[in-house]
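Summary of the model geometry
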Amino acid sequence: MLQDDDDANSSSETDSIDQNPNPNPTTSIDQSLDAIEGQLTSISLHSIPPIPQIISALPSDSHSQLQQATVAQNLEYIDTLPSDSHSQVEQVVESPGEVDMERGVVDNSVSRGQGVLWRNNSDVDVDVEGQGSPSSSGYAGGKGTSSSSSGISGSGIEEISGDDEVDRVEVVNRSASFGASVDSEWLPGKRHVNEDDASVSWRKRKKHFFILSHSGKPIYSRYGDEHRLAGFSATLQAIISFVENGGDRVKLVRAGKHQVVFLVKGPIYLVCISCTEEPHESLSEQLELLYGQMILILTKSINRCFEKNAKFDMTPLLGGTDAVFSSLIHSFSWNPATFLHAYSCLPLAYATRQAAGAILQDVAESGVLFAILMCKHKVISLVGAQKASLHPDDMLLLANFVMSSESFRTSESFSPICLPRYNPMAFLYTYVYYLDADTYLMLLTANPDAFHRLKDWRIRIEMVLLKSNVLNEAQRSMVDGGMHVEDLPVNPSPLSGSLSSHLGQPRPPLDSTDGCKTLLGGPAGLWHFIYRSIYLDQYVSSEFSSPVNTPKQQKRLFRAYQKLYTSMHDRELGPHKTQFRRDNNYVLLCWVTQDFELYAAFDPLADKVCFLL
Amino acid sequence: MATTARNNLSAKLVLLGDMGAGKSSLVLRFVKGQFLDFQESTIGAAFFSQTLAVNDATVKFEIWDTAGQERYHSLAPMYYRGAAAAIIVYDIASIDSFARAKKWVEELQKQGNPNMVTALAGNKADLEEKRKVTADEARVYAEENGLFFMETSAKTAANVNEIFYEIARRLPRAQPSQNPAGMVLVDRPAVGSQSSACCS
Ligand SMILES: Nc1nc2c(ncn2[C@@H]2O[C@H](COP(=O)(O)OP(=O)(O)O)[C@@H](O)[C@H]2O)c(=O)[nH]1
Ligand SMILES: [Mg+2]
């Protein structure tokens, strides 16, 4: 009974799901969740073949019809095919038959004059090797691998491994032979310390990150030992300063399939060399985050060290933090927060989150700057002192810092950290305590002598959390996961609230009697979605489920979303409202309004008629 | 400072020394009785407490295991300020770490609490075959500087409890006038360290 669904949702407060960690919200993400459901429903009205019985089952809800109208008006069809088609040769692009807005995602942006761009291989010292033998379909920009057959991009780039960012990088002329090692999951600490730029394996890595000083001294390298990369660092430094002396800033160099992206932050240079086909804008943002992570550890006052001594060696200052950087870089390929600039909350029952929020609120009122309770990467509750607001990027970097440093698990600690978006010049102090294997409490203060008071607070918080069963609930939510597309109502029942009622509760068994049983995933072939509330700085994403259930497919979808995000936020092209992309892997939909952004992936085999609207 | 309540003493103790010398390992051996071959490096400072019974009294150590990385050097005072005791740790297989230990001694002599009980621990004593710093050299240095010296091994537990007991034994017993009732190291205004940064 549809109307009962609505009633059930609004009547029982304790059963409803609270996604908002702030106990004093003006808007809660609960409302947003209801809205998502409405939006998904209205999308599915458009994207599924109009199955008669579904249409007839549609209640005449004016709200959802309004949304349909909006979708129809704002739709722009954007073909996935970049004009840089040589990288897409194997891509079969099904043109749905409407007007294609030619959109050279890659090349247009290059020619838009962002500093100096070298697009010809001959300008760059790149070792051009013959076409090798691509061995597998790695993750190249979420598009699957396509070996480039065009002459201009024959830079000897081959996918070596399926699962890691391993590829051949030939930036410096060296002879090479095969033998790359293959990495799998992220492990703490630096990998491949014995590599340097002369190692074949080093050059085969698909994505390198470097931090160096303006005098060319290495500070950090994702792979290999920084000190052994001194020569390479000096080369990068030479490129950057050569261009800077000409009054320009080098931001991007293309060499065949490789993009070299630069970020200059005063005396510190950050460089990414990648052949992952991620948009260079994404790579720049990743460099920004990497810089932010460094600032979180050291504050921006490190610049003063370079004023005193241009040849200052920064590596000792970062001692013991390799794991922090490597885990951040790893998150660039799985954590949507890295490109959405939003955080996600652990789904919890309203009462549970209220209990956690209330005690944190008390702490915040007692002079703590921020009180944050998290379960892995997800926020359980977050409270800031008056007027203090925590930027989602700072939260990402802080959580990464704490989670990647094993030492925080051993005992309670009190460590200086800097929140780059809050105040990049000063240290704050953070009390960190793990309440269980996944759940940790962070209390931030500007007072270096507050440890004992924060410790006392923690004891009180821990008591409250235990009493109100928050920790158990959090564990259960971790196991259950968030939203599952399969749980979305198949019959479009706009704003029925049944979506949120699944959260935090055991999932009901799949109903196989639905009208779309030929499609995997959720209704209308919906495989996955991410919903970002702009006002709340939060996002919700569905759990990965069949058929997006291998790490490889997940990474590909991640990259596809990332690309979509970038193109939707392209300043040059102005704001987009809606975008459809279709490739062999999915149909992707993105819908951006002032209040939210919705990214969704559908089964590409869904009848293409549906995209004609 | 050490604070007393009847026969119960509470004392702040800080471990200082080069990264990798074995500070965390010593604390973990003392507090939890465990040793890890791959001890993760400490970030910031970790806090532990452990109570010892010495003669007729108990001493509750509030231990700060500091990170030892250079980036925190300028922040170290926040951990040793007000400490009743310090253990300065070096690795007997590393000359550098011994040099670094001497630097910490100098700093404490300049900045620290003058009544501080300071121990010098030559750790990793089990690594006899890799030894670079002789026990005699360290003992002479310790005597000259008013420290007490022990070689320890967090791995074998040799001298670990002993060094903490010795500190507890040496702590000044009663300081009633200096320490008003129940004072624990809280709420002291920061001395210009609010905006302190790594290398200012
Ligand atoms: N053989 C040996 N190794 C030790 C001893 N103490 C610590 N280690 C090792 O030395 C490394 C650094 O120890 P850690 O406690 O992290 O040093 P910290 O940086 O001073 O805290 C770790 O791998 C420990 O396992 C010891 O007494 N003997
Ligand atoms: Mg340590």
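Residues numbered from 1 in each chain as written. Chains lettered and ligands numbered in written order. Predicted model: local features only at pLDDT ≥ 70, side-chain atom pairs only at ≥ 80, totals over all residues. Heavy atoms only, no water.

Selection criterion: UniProt positions are given in the numbering used here, feature names are shortened, and annotations may be inferred rather than shown by experiment.
Chain B has the name Ras-related protein RHN1 in an unreviewed UniProt entry, where Heracleum sosnowskyi is given as its organism. Its UniProt record, at the heading Subcellular location (unreviewed entry), says of chain B: "Endomembrane system". Taken from UniProt, the Sequence similarities (unreviewed entry) comment for chain B reads in full: "Belongs to the small GTPase superfamily. Rab family."

In the nomenclature of an unreviewed UniProt entry, chain A is known as Vacuolar fusion protein MON1 homolog of Heracleum sosnowskyi. The UniProt entry for chain A carries the following text under Sequence similarities (unreviewed entry): "Belongs to the MON1/SAND family."

Points about the coordination of the magnesium ion (ligand 2)
Residue and element names in this part refer to chain B. Quick reminder of the rule: The donor set comprises N, O and S atoms within 2.8 Å of the metal, extended to 3.2 Å for Na, K and Ca; water molecules are omitted, so apparent gaps in a site may simply reflect that omission. Secondary structure is summarised from DSSP: a helix means a run of H or I of at least four residues, a strand means a run of E of at least two, and numbering begins at the N terminus for each. Residue exposure (1.4 Å probe, protein chains only): buried if accessible area is under 20% of the type maximum, exposed if over 50%, otherwise partly exposed.
The coordination sphere of the magnesium ion (ligand 2) contains the protein donors Ser24 (OG) and Thr42 (OG1), at a distance range of 2.1 Å. Of this pair, Ser24 sits in helix 1 (residues 23–32) while Thr42 sits in the loop between helix 1 and strand 3 (45–54), placing them 18 residues apart in sequence. Assessed through its relative accessible area of 6%, Thr42 is described here as buried.

A look at the pairing of strand 12 (residues 412–417) of chain A
Remember that side chains alternate between the two faces of the sheet whenever the strand is regular. The line we're drawing: For two strands to be treated as a pair, DSSP must find at least two bridges joining them.
When you tally the buried positions in strand 12 of chain A, you get 6 out of 6 residues, the bulk of the element. Side chains Glu412, Phe414 and Pro416 of chain A of strand 12 of chain A all project onto a buried face; the interleaved residues Ser413, Ser415 and Ile417 of chain A project onto the opposite face, where all are buried too. When strand 12 of chain A meets strand 3 of chain B, the two strands line up antiparallel, connected through 2 bridges. Within the sheet, the bridge partner assigned to Ser413 of chain A lies in strand 3 of chain B and is Ala46 of chain B. Note that strand 12 of chain A and strand 13 (residues 428–434) of chain A share 5 bridges and pair antiparallel. Looking across to strand 13 of chain A, one finds that Ser415 of chain A is bridged to Thr430 of chain A.

Focus on the side chain of His528 of chain A
Residues and elements named next belong to chain A. The condition that has to hold: Residues adjacent in sequence count toward polar contacts only when both atoms are side-chain atoms; beyond that, a polar contact is any pair of N or O atoms within 3.5 Å, and within protein one must be able to donate a hydrogen and the other to accept it. Whether two residues touch is decided by their heavy atoms; if any such pair falls within 4.5 Å, the residues are in contact.
For His528, the location among the structural elements is in strand 15 (residues 526–533). Under the relative-accessibility criterion, His528 is labelled buried at 2%. Polar side-chain contacts of His528 include one of 2.8 Å to the backbone oxygen of Ser542. Only 2.8 Å separates the side chain of His528 from the side chain of Tyr561, close enough to count as a polar contact. With sequence-adjacent residues up to four places away left out, His528 is seen in contact with Val485, Ser541, Ser542, Glu543, Phe544, Leu557, Tyr561, Tyr599, Ala600 and Ala601.

Quick look at the sheet that holds strand 19 (residues 596–602) of chain A
Residue and element names in this part refer to chain A. Where we set the bar: Every axis in this analysis is a line fitted to C-alpha atoms, fitted for helices over the stretch in contact. Angles between the N-to-C directions lie between 0 and 180 degrees.
The sheet built from 6 strands is open, its strands ordered 8-16-15-19-18-17 with mixed pairing. The sheet terminates laterally at strand 8 (343–344) and strand 17 (578–582), the two strands that pair on one side only. For strand 15 and strand 19, the ladder comprises 7 bridges, and the chain directions are antiparallel. Looking at strand 19, one finds that Ile530 is bridged to Tyr599. Contacts from helix 18 (residues 551–568) reach strand 15, strand 17, strand 18 (587–592) and strand 19 within the one sheet, and its direction differs from that of strand 18 by about 40°.

Considerations on the nonpolar core
The following threshold applies: Grouping buried Ala, Val, Leu, Ile, Met, Phe, Trp, Tyr and Cys residues that are joined through side-chain atoms within 4.5 Å yields what is termed a nonpolar core.
In terms of nonpolar packing, the biggest core is built from 143 residues, with Ile268, Met294, Met314, Ile372, Phe401 and Leu443 of chain A together with Leu120 of chain B touching the most fellow members. The dominant element in this core, judged by the number of residues it contributes, is helix 8 (residues 280–298) of chain A, at 10 residues. The residues contacting Ile372 of chain A, other than those within four sequence positions of it, are Leu360, Ser381, Leu382, Leu390, Met395, Leu398, Tyr440, Leu441, Met442 and Leu444 of chain A. Listed in part, the 32 residues of the second largest apolar core include Ala11, Leu26, Val117 and Met150 of chain B.

Some points on the site of ligand 1
Residue and element names in this part refer to chain B. Stated formally: Throughout, near means a residue has at least one heavy atom within 4 Å of the molecule or strand. Residue exposure ignores everything except the shown protein chains as possible cover, and the areas themselves are Shrake-Rupley values with a 1.4 Å probe.
Near ligand 1 you find 19 residues, and of these Gly20, Lys23, Ser25, Leu36 and Asp126 are the closest. Between ligand 1 and the protein, one listed contact pairs a nitrogen atom with a side-chain N or O atom of Asp126 at 2.7 Å. Note that an oxygen atom of ligand 1 is positioned 2.8 Å from one of the backbone N or O atoms of Ala154. Compared with its free state, where it exposes 570 Å², ligand 1 has 89% of that area covered by protein. Element by element, the count of residues in the shell around ligand 1 is highest for helix 1, at 3 residues.

Here's the deal with the packing of aromatic side chains
Definition in use: Aromatic contacts are taken between Phe, Tyr and Trp rings whose centres are within 6.5 Å, Trp giving its six-membered ring; a plane angle under 30 degrees counts as stacked, one over 60 as edge-to-face, and the others as tilted. Should the NZ of a Lys or the CZ of an Arg lie within 6 Å of a ring centre and within 35 degrees of the ring normal, that charge is described as sitting over the ring.
A full pass over the atoms with the stated rule returns 25 aromatic pairs over all chains. Residues Phe306 of chain A and Phe312 of chain A carry aromatic rings whose centres are separated by 5.5 Å and whose planes lie at 85° to one another, so their mutual orientation is edge-to-face. Residue Phe306 of chain A is classed as buried on the basis of its relative accessible area, which comes to 4%. For the pair Trp527 of chain A and Tyr586 of chain A, a centre-to-centre distance of 6.3 Å together with 85° between the ring planes defines the contact as edge-to-face. Of this pair, Trp527 of chain A sits in strand 15 while Tyr586 of chain A sits in the loop between strand 17 and strand 18, and the two are 59 residues apart along the sequence. Here Trp527 of chain A falls in the buried class, since its relative accessible area comes to 10%. Ring pairs connect the aromatic residues Phe414, Tyr429, Tyr431 and Phe451 of chain A together with Phe47, Trp64 and Tyr79 of chain B, which therefore count as one cluster. Above the face of the Tyr433 of chain A ring, Arg458 of chain A is positioned so that its terminal group lies 3.8 Å from the ring centre. The side chain of Lys102 of chain B reaches across the aromatic face of Tyr141 of chain B, ending 5.3 Å from its centre.

As for helix 12 (residues 350–365) of chain A
Because each turn of an α-helix spans 3.6 residues, side chains separated by three or four positions end up pointing in the same direction. Residues and elements named next belong to chain A. The line we're drawing: In this analysis, the expected span of each helix is defined as 1.5 Å times one less than the number of residues it contains.
Compared with the 22 Å implied by 1.5 Å per residue over 16 residues, the 22 Å span of helix 12 between its first and last C-alpha is a close match. Taken as a whole, helix 12 has its buried residues at Thr352, Arg353, Ala356, Gly357, Ile359, Leu360, Gln361, Val363 and Ala364. A positive backbone phi angle near 105° is found at Gly367, which sits one or two residues after helix 12.

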